[in-house]
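Summary of structural features
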Amino acid sequence: MNDTIGFIGAGNMGGAIISGLLADRKWAAKDIIVADSRAEALTVLDEKFPGIRTTGDNSEAASSDILVLAVKPQVYQSVIHAIREDISPETIIVTIAAGLTLAAVADWFGESRKIVRTMPNTPALVSEGMTAISPGPGVKDEEIQAVKRIFDAVGRTVVLPESQMDAYTSLAGSSPAFVFMFLESLADGAVREGIPRKMAYEIAAQALLGSAKLMLETGRHPGELKDMVCSPGGTTIEAVATLEASGFRSALIEAVSDCTARAKELGKA
Ligand SMILES: NC(=O)c1ccc[n+]([C@@H]2O[C@H](COP(=O)([O-])OP(=O)(O)OC[C@H]3O[C@@H](n4cnc5c(N)ncnc54)[C@H](OP(=O)(O)O)[C@@H]3O)[C@@H](O)[C@H]2O)c1
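Please read all numbers here as calculations on a predicted model, not as lab measurements.

1. Looking at the overall build of the chain
Scanning the chain for helices and strands turns up eleven helices and eight strands. With the C-alpha coordinates of the chain rotated into their principal frame, the extents come out at 70 × 40 × 30 Å. Buried positions account for 39% of the 269 residues belonging to the chain. A separation of at least 24 residues holds for 61% of the contacts in the chain among residues at least 6 apart in sequence. When the accessible surface of the chain is totalled, it reaches about 15,100 Å², and 58% of it is carbon and sulfur. Seen as two clouds, the 25 positive and the 34 negative side-chain charges of the chain have centres 2 Å apart.

2. Topic: the sheet that holds strand β7 (residues 129–135)
Taken in spatial order, the eight strands of this open sheet run β3-β2-β1-β4-β5-β6-β7-β8, and their pairing is mixed. Across the chains shown, the open sheet's two edge strands, defined by having one partner strand only, are β3 (53–55) and β8 (155–159). Going across the sheet, the axis of each strand differs from the next one's by a mean of 20°, ignoring polarity. Here four bridges tie strand β1 (residues 5–8) to strand β4 (residues 66–69), and the two strands are oriented parallel to one another. The partner of Gly 6 across the bridge, within β4, is Leu 67. Against the sheet, helix α2 (residues 39–48) contacts β2 (32–35) and β3, and its axis sits at roughly 170° relative to β3.

3. Re the domain arrangement of the chain
We note that the domain assignment places domain 1 (5–160) and domain 2 (168–268) within the chain. Computed from C-alpha atoms alone, the centre-to-centre distance between domain 1 and domain 2 is 32 Å. Listed as interface residues are ten residues of domain 1 and, on the opposing side, six residues of domain 2. Around 630 Å² of area is buried between domain 1 and domain 2 when both sides are counted, 68% of it from carbon and sulfur atoms. Its largest share of buried area at the contact with domain 2, domain 1 owes to Met 119, Asn 121 and Arg 156, together 51% of the area lost on that side. Linking domain 1 to domain 2 there are zero salt bridges. Summed over the shared surface of domain 1 and domain 2, the result is four residue pairs in polar contact (both at pLDDT 80 or more). Of all the secondary structure elements, the ones that give two or more residues to the side of domain 1 that touches domain 2 are β7 and β8. No other element matches the three residues that β7 contributes to the side of domain 1 that touches domain 2. Of the residues belonging to the side of domain 1 that touches domain 2, the class tally is six nonpolar, three polar and one charged.

4. A look at the packing of aromatic side chains
In the structure shown here, the tally under the stated rule is one aromatic pair. Where Phe 182 meets Phe 248, the ring centres are 6.4 Å apart and the plane angle is 45°; that geometry is what we call tilted. One end of the pair, Phe 182, is in helix α7 (residues 165–192); the other, Phe 248, is in helix α11 (residues 248–268), with 66 residues separating them in the sequence. Its relative accessible area of 32% is what places Phe 182 among the partly exposed residues.

5. A closer look at the pairing of β2
Alternating residues of β2 divide into Ile 32 and Val 34 and Ile 33 and Ala 35, and every residue in both groups is buried. After leaving β1, the chain enters helix α1 (residues 12–22) and then returns to the sheet as β2, a path that is right-handed. The sheet contact formed by β2 and β3 spans three bridges and is parallel. Residue Ile 33 lies in a different strand from β3, and its bridge partner there is Arg 53.

6. Details of the site of the ligand
What surrounds the ligand is a group of 22 residues, the closest being Asn 12, Met 13, Asp 36, Val 71 and Thr 122. At a separation of 3.3 Å, an oxygen atom of the ligand approaches a polar side-chain atom of Lys 72. One nitrogen or oxygen atom from the main chain of Ala 98 is found 3.4 Å from an oxygen atom belonging to the ligand. Coverage of the ligand by the protein amounts to 77% of the 890 Å² it exposes when considered alone. Elements that contribute at least two residues to the shell around the ligand include exactly α1 and α4 (76–83). A per-class count over the shell around the ligand returns 13 nonpolar, six polar and three charged.

Rules used throughout
- Residues numbered from 1 in each chain as written.
- Predicted model: local features only at pLDDT ≥ 70, side-chain atom pairs only at ≥ 80, totals over all residues.
- Heavy atoms only, no water.
- Helix = DSSP H or I, 4+ residues; strand = E, 2+ residues; numbered from the N terminus.
- Buried < 20%, exposed > 50% of the residue type's maximum accessible area, 1.4 Å probe, protein only.
- Contact = heavy atoms within 4.5 Å.
- Areas by Shrake-Rupley, 256 points an atom, 1.4 Å probe, with all protein chains shown as cover.
- Lys, Arg positive; Asp, Glu negative; His and termini not counted.
- Charge placed at Lys NZ, Arg CZ, Asp CG, Glu CD.
- Pairing = 2+ DSSP bridges.
- Axes fitted to C-alpha atoms, helices over the stretch in contact; angles between N-to-C directions.
- Domains from an automatic or database assignment.
- Buried area = accessible area lost by both parts, 1.4 Å probe.
- Salt bridge = Lys/Arg side-chain N within 4 Å of Asp/Glu carboxyl O.
- Polar contact = N/O pair within 3.5 Å; in protein donor to acceptor, adjacent residues only side chain to side chain.
- Nonpolar A, V, L, I, M, F, W, Y, C, P; charged D, E, K, R; others polar.
- Phe/Tyr/Trp six-rings, centres within 6.5 Å; stacked < 30°, edge-to-face > 60°.
- Right-handed = clockwise from strand over helix to strand, strands pointing away.
- Near = heavy atom within 4 Å.

Structure below.
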């Protein structure tokens, strides 16, 4: 039997997780209760997922076994203050807000709660997300597994100590932006060589998707997979040499470090 899951906030991310949970009947619709202040968001869910429970009252969702807070970070504090009396000490509270620490959330609850900080990324919107999970004090292993099952429905998951969340944020949260810059540049290069733009985007995106899948599914080292494409005296090694001369690798390494440093700075603010 599944736990009941409550959501407060049914926007982009809340909606994506709910869709993932209900795809292939991973979760029963009757075990999901969603609260949102926007009536239209709830109407859309009611139509799309018959059987799901929707409400305009956050306290109703708060009575679930697992409660996902899927509102914008700036609304967390007021949402928590309004529902904290309605939550059982056994409820697992899941946060998905970028930059919000376990300590800050615990402080808003004001008393000991089981809190799990998570960080999904935008590819979760197409069920190819990467989510890091950092459990707070007092969260048991089986409770971590229950949270993991939720995010496994929209991609892959890793469990990380909160101290690594800032580096994770650059590697998975921000990296889609770096990847889109890479894809745009690759397509620009192809357009320069005469390939129509729309086709160039499709080709570049599929090459990236296929390469990522090849690495994940074979478990082979990325250097080995790169070497497989570089025949002696061939075309690819020419491009590899150009990328090395242009500082491609060091630009990415520095980008991840700068992004992590900024996440740390914002976390302290
Ligand atoms: N989108 C992403 O890719 C992504 C990635 C990682 C993490 N996150 C995190 O996910 C969280 C949600 O982001 P999102 O992009 O899904 O936001 P969103 O699309 O704005 O969804 C939030 C929903 O909550 C509703 N809401 C606002 N105040 C509320 C309240 N007091 N009680 C109940 N519902 C309320 C909003 O209604 P209104 O529109 O009327 O305000 C909206 O329908 C954020 O904390 C964000 O940091 C998002």
